[in-house]
Amino acid sequence: MNTKRTLAAGCAASLLLCLSCADYDLLDDPDREPDPVSLEIIAVSDSSVTLRWTRCDDDDFRQYAVYYGTSDIVDRSDKLADSLSFDVDTVKTVRPLDDMTRYYFRVIVYNEGENFSVSNIVDTVTPENMKGKLKLAVPELTEDRAVRLRWTSALEEFNRYVIHADTTRTVDTTDTLLATVYSDTAETVEGLQPDRTWWLRVYARHDTAIVATSNTVEIRLPQ
């Protein structure tokens with residue numbers, strides 16, 4: 001009976017030794033690539049993109065490397081945004097970026113054996129930097145031939161919007177002042193002479209300073 005127990009214990013010890021050796025050999029495999037991560041974009045601004053990816057749980061993890069570029073094939077020849085040495089660090093904000101530009105991103109995972117795996121590629125277009133700018137929409141003509149204007153809010157500190165108009169494409173603050181608006185971003189203006197084309201522009205002012213300027217829009221008033 002004791003002989004059987006001794007034999008069984010010996011077999012169990014041998015099995016554990018074999019499994020341990022197999023696990024060790026797997027971790028020590030010089031050709032083994034780490035598990036790839038899955039990448040996504042979680043925030044975008046006119047000068048930055050924030051990325052998040054799944055955690056690499058490999059025991060021989062060494063680092064994440066975040067690459068980006070403006071072509072749809074991202075590899076290690078592109079810009080390196082950062083290298084992260086802790087496997088729990090799975091979020092990175094890449095900055096500074098240019099506005100109105102399409103960027104592509106990829107995360108490469110390295111293990112201690114210098115092997116690597118690549119994530120999926122994600123891309124996005126950074127929005128326009130609106131500092132000092134207003135977006136004036138195409139004007140609408142009302143039934144009583146007034147002109148309805150809408151524009152985006154100024155990002156800077158201001159105390160009023162002013163709307164100027166001219167019969168030439170070059171509109172500035174020396175041209176006809178149609179209205180002053182203190183809080184809203186819409187206004188209906190009247191009194192423009194019919195049977196001609198008008199160009200309009202909105203400025204945001206802080207006291208005497210101009211802090212933001214819109215694009216110029218065009219409208220033809222009927223007879």
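Before any of the text, the structure's been laid out above.
Quick summary incoming for the structure in this document. (Residues numbered from 1 in each chain as written. Predicted model: local features only at pLDDT ≥ 70, side-chain atom pairs only at ≥ 80, totals over all residues. Heavy atoms only, no water.)

1. As for the nonpolar core
Here is step 1 of the chain: Among the nonpolar cores identified, the biggest contains 21 residues, and W151, Y161, I163 and L200 are the most heavily contacted of them.
Here is step 2 of the chain: Within the residue set of this core, elements represented by two or more residues are β11 (147–150), β12 (160–166), β13 (176–181), β15 (196–206) and β17 (217–221).
Here is step 3 of the chain: Ranked by residues supplied to this core, first place goes to β15 with four residues.
Here is step 4 of the chain: Not counting residues up to four positions away in its chain, the partners in contact with W151 are K135, L136, Y161, I163, V181, D184, T185, A186, E187 and V202.
Here is step 5 of the chain: In this structure, L51, F105, V107 and V109 belong to the second largest nonpolar core, which totals 18 residues. (Core = buried A, V, L, I, M, F, W, Y, C linked by side-chain atoms within 4.5 Å. Buried < 20%, exposed > 50% of the residue type's maximum accessible area, 1.4 Å probe, protein only. Helix = DSSP H or I, 4+ residues; strand = E, 2+ residues; numbered from the N terminus. Contact = heavy atoms within 4.5 Å.)

2. Describing the packing of aromatic side chains
Here is step 1 of the chain: In this structure the tally under the stated criterion is eight aromatic pairs.
Here is step 2 of the chain: Between W53 and Y64, the ring centres sit 5.5 Å apart and the planes meet at 70 degrees, which makes this aromatic pair edge-to-face. Here W53 is found in strand β2 (residues 49–53), whereas its partner Y64 is found in strand β3 (residues 61–69), with eleven residues between them in sequence. Assigned by exposure class, W53 and Y64 land together as buried.
Here is step 3 of the chain: Here Y103 and F105 contribute two aromatic rings whose centre-to-centre distance is 6.4 Å and whose plane-to-plane angle is 40 degrees, an arrangement assigned as tilted. Judged on exposure class, the residue Y103 and its partner F105 are both buried.
Here is step 4 of the chain: By the ring-pair criterion, three or more aromatic residues cluster together here, those being W53, F61 and Y64.
Here is step 5 of the chain: Against the face of F116 rests R76, its NZ or CZ located 4.2 Å from the ring centre. (Phe/Tyr/Trp six-rings, centres within 6.5 Å; stacked < 30°, edge-to-face > 60°. Lys NZ or Arg CZ within 6 Å of the ring centre and 35° of its normal.)

3. A closer look at the pattern of salt bridges
Here is step 1 of the chain: Tallied over the entire structure, the rule returns twelve salt bridges.
Here is step 2 of the chain: Note that E128 and K135 form a salt bridge whose closest N and O atoms lie 3.2 Å from each other.
Here is step 3 of the chain: In this structure E128 comes out as partly exposed when scored by relative accessible area, which is 22%.
Here is step 4 of the chain: One salt bridge connects R169 with E218, and the closest N-O pair in it is separated by 3.9 Å. Placement of R169 in the loop between β12 and β13 and of E218 in strand β17 is noted, with a sequence separation of 49 residues between them.
Here is step 5 of the chain: A relative accessible area of 43% places E218 in the partly exposed class. (Salt bridge = Lys/Arg side-chain N within 4 Å of Asp/Glu carboxyl O.)

4. As for the side chain of D166
Here is step 1 of the chain: Tracing the backbone through its elements, the reader meets D166 in strand β12.
Here is step 2 of the chain: Although D166 is buried, it makes no salt bridge; R196 carries the closest opposite charge, 7.8 Å away.
Here is step 3 of the chain: A distance of 2.9 Å separates the side chain of D166 from the side chain of T168, its partner in a polar contact.
Here is step 4 of the chain: In this view, D166 contacts V171, D175, T197, W198 and W199; residues no more than four positions away in its chain are not counted. (Lys, Arg positive; Asp, Glu negative; His and termini not counted. Polar contact = N/O pair within 3.5 Å; in protein donor to acceptor, adjacent residues only side chain to side chain.)

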